[in-house]
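A structural walkthrough
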Amino acid sequence: MSVKNETIQSQATQYLTFMLREEGFAIEISKVREVLDVTTMTRIPRMPEYLSGVINLRGNVVPVMDLGQKLGMGSIEYTKNTCIMIVELEVDANLVEMGVLTDSVQMVLDLNPEDIESVPKMGTNLNTEFIKGMGRQTEEKFLIILDIDKVLASEGEAALREMDSTASVQAVGSSPEEAVGAEA
């Protein structure tokens, strides 16, 4: 292998590709902790529609979001390929786990910087800051590369607040049930 090829390969970033409502998306593989089959979710009242519920992941409560619905693409239709990607977000210097429902996970793909186009200008009223770029999958087809931290930022902050409030309630010595009763 030549030195030039080694340099180009060392600049490649790995992305996990997945489908949402027949469109291809990708996020950096370093953000994905694991991929799970869909399991039983507990729906929480008064949550936004895109929050599907929470799951028990080895004793931890992890919120799960329908990523397609969060992005305005409609609700998921569950199939045998539907899965949950567990992603790690950095919120206020803390790592927070979130589950993300996808229609299917495809593969890990190496993309070089020259294979990633900048986000096209869509007008002044459209917020595209959650898109890192457009990855060239084939000559005609692009993958939308998401900045998952920006997509999920508000949910990560809410999860962190929930963890903090649970820890402070338990530190005081009262149970979470007593705290809920005190709020009412």
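What you see is a predicted model; the values in this text were computed from it and never measured. (Residues numbered from 1 in each chain as written. Predicted model: local features only at pLDDT ≥ 70, side-chain atom pairs only at ≥ 80, totals over all residues. Heavy atoms only, no water.)

As for the sheet that holds strand S3 (residues 32-37)
- A sheet is described by the order of its strands in space; here 5 strands give the open sequence S3-S6-S7-S5-S4, paired in mixed fashion. On the outer flanks of this sheet lie S3 and strand S4 (51-57), each paired with one strand and no other. Across this sheet, the average inter-strand angle for adjacent strands is 35 degrees, counted without regard to direction.
- Examined bridge by bridge, strand S5 (residues 60-66) and strand S7 (residues 94-102) share 3 bridges and lie parallel to one another. Among the inter-strand pairings, Asp 66 is bridged to a residue of S7, identified as Leu 101. (Pairing = 2+ DSSP bridges. Helix = DSSP H or I, 4+ residues; strand = E, 2+ residues; numbered from the N terminus. Axes fitted to C-alpha atoms, helices over the stretch in contact; angles between N-to-C directions.)

Some remarks on the nonpolar core
- Counting residues in hydrophobic clusters, the biggest one holds 24 residues, and the most contacted among them are Phe 18, Ile 27, Leu 67, Val 87, Leu 146, Ile 148 and Leu 152.
- For this core, the secondary-structure elements that each account for two or more residues are strand S1 (13-20), strand S2 (23-28), strand S6 (83-91), S7, strand S10 (131-136), strand S11 (142-146) and helix H3 (148-172).
- Among the elements that take part in this core, S6 stands out by supplying 4 residues, more than any other.
- With residues near it in sequence (within four places) discarded, Ile 27 still touches Gln 14, Tyr 15, Leu 16, Phe 18, Val 32, Met 85, Val 87, Leu 146 and Ile 148.
- If you look at the next biggest cluster of nonpolar residues, it comprises 10 residues, including Met 41, Ile 84, Ile 86 and Leu 101. (Core = buried A, V, L, I, M, F, W, Y, C linked by side-chain atoms within 4.5 Å. Buried < 20%, exposed > 50% of the residue type's maximum accessible area, 1.4 Å probe, protein only. Contact = heavy atoms within 4.5 Å.)

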